[in-house]
Amino acid sequence: MAIYEYETDQGPVSTYYQILTSNRHNGYFERFMGDRGTLEMSEDTYRAIAFPQIMSLSNKGWATCVKEGYLVGSDELMEEIASRTVEQITELLAAGESLPLPLNPKVRNSMQGVTWSASRRVLAVPVEMKMTPRHLHLKNFFDAIRGEAALNCPAEITYKTTVAVLKVDEAIEAGRKLNLDPDDFKA
């Protein structure tokens, strides 16, 4: 596990990179945790899910995302909120920690036809992919070669990401925390 610390305009941010296995068990995903909920994103669409924290009446963000269709819940929840305003949805979702959102959802993995079930509050990002992630990467690469698209992950970004990951080896070898300089990320 490696812990990264960043200074931002809003204050310090910590993140970690962890590898638990070297196989496909539990899939590959990124989890973003904040004070208003957790978002899991993956190239596998069944892992595009959000776990909102209990909302207060001042937090309309989750309700807005549901109302605009960026996040979806169970059929029952979606029917219940269809005619409600964002404010009414916020009130519904802020009902208290005992409110399951939704009760027992089934979030479909559109690529493989299986379901991911959960008994906790969960909203899904309604994404359906017609190709596997590997094929999408290859398509983007060949489209870029033909001049029909820009690379989704250009070499400059790939280089910076690789430097951040490989610096972990240096920190392990040194047995201490390393401070990275902006010049470390220049080729």
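Structure shown above.
About the thresholds
- Residues numbered from 1 in each chain as written.
- Predicted model: local features only at pLDDT ≥ 70, side-chain atom pairs only at ≥ 80, totals over all residues.
- Heavy atoms only, no water.
- Helix = DSSP H or I, 4+ residues; strand = E, 2+ residues; numbered from the N terminus.
- Contact = heavy atoms within 4.5 Å.
- Areas by Shrake-Rupley, 256 points an atom, 1.4 Å probe, with all protein chains shown as cover.
- Buried < 20%, exposed > 50% of the residue type's maximum accessible area, 1.4 Å probe, protein only.
- Polar contact = N/O pair within 3.5 Å; in protein donor to acceptor, adjacent residues only side chain to side chain.
- Core = buried A, V, L, I, M, F, W, Y, C linked by side-chain atoms within 4.5 Å.

Draft legend 1. View of the overall build of the chain. From N to C terminus, the chain includes five helices and eight strands. Helices and strands in the chain line up, N terminus first, as β-β-β-β-β-α-α-α-β-β-β-α-α. Within the chain, contacts between residues at least 6 apart in sequence are counted, and of these 40% link residues at least 24 apart. Summed over all atoms, the accessible surface of the chain reaches about 13,500 Å², with 53% contributed by carbon and sulfur.

Draft legend 2. Structural view of the side chain of glutamate 40. Tracing the chain through its elements places glutamate 40 in strand 4 (residues 37–41). The class for glutamate 40 is buried, based on a relative accessible area of 4%. In this structure the side chain of glutamate 40 is engaged in a polar contact, spanning 2.6 Å, whose partner is the side chain of arginine 31. Once residues lying within four places of it in the same chain are set aside, the contact partners of glutamate 40 are Phe29, Glu30, Arg31, Arg47, Ala48, Ile49 and Phe51.

Draft legend 3. Fine view of the nonpolar core. Counting 13 residues, the largest nonpolar core has Ala50, Trp62, Val66, Leu71, Leu77, Ile81 and Leu123 as its most contacted members. Within the residue set of this core, elements represented by two or more residues are helix 1 (61–67), helix 2 (75–81) and helix 3 (86–93). Leaving out residues up to four positions away in the same chain, valine 66 has contacts with Leu71, Met78, Ile81 and Leu123.

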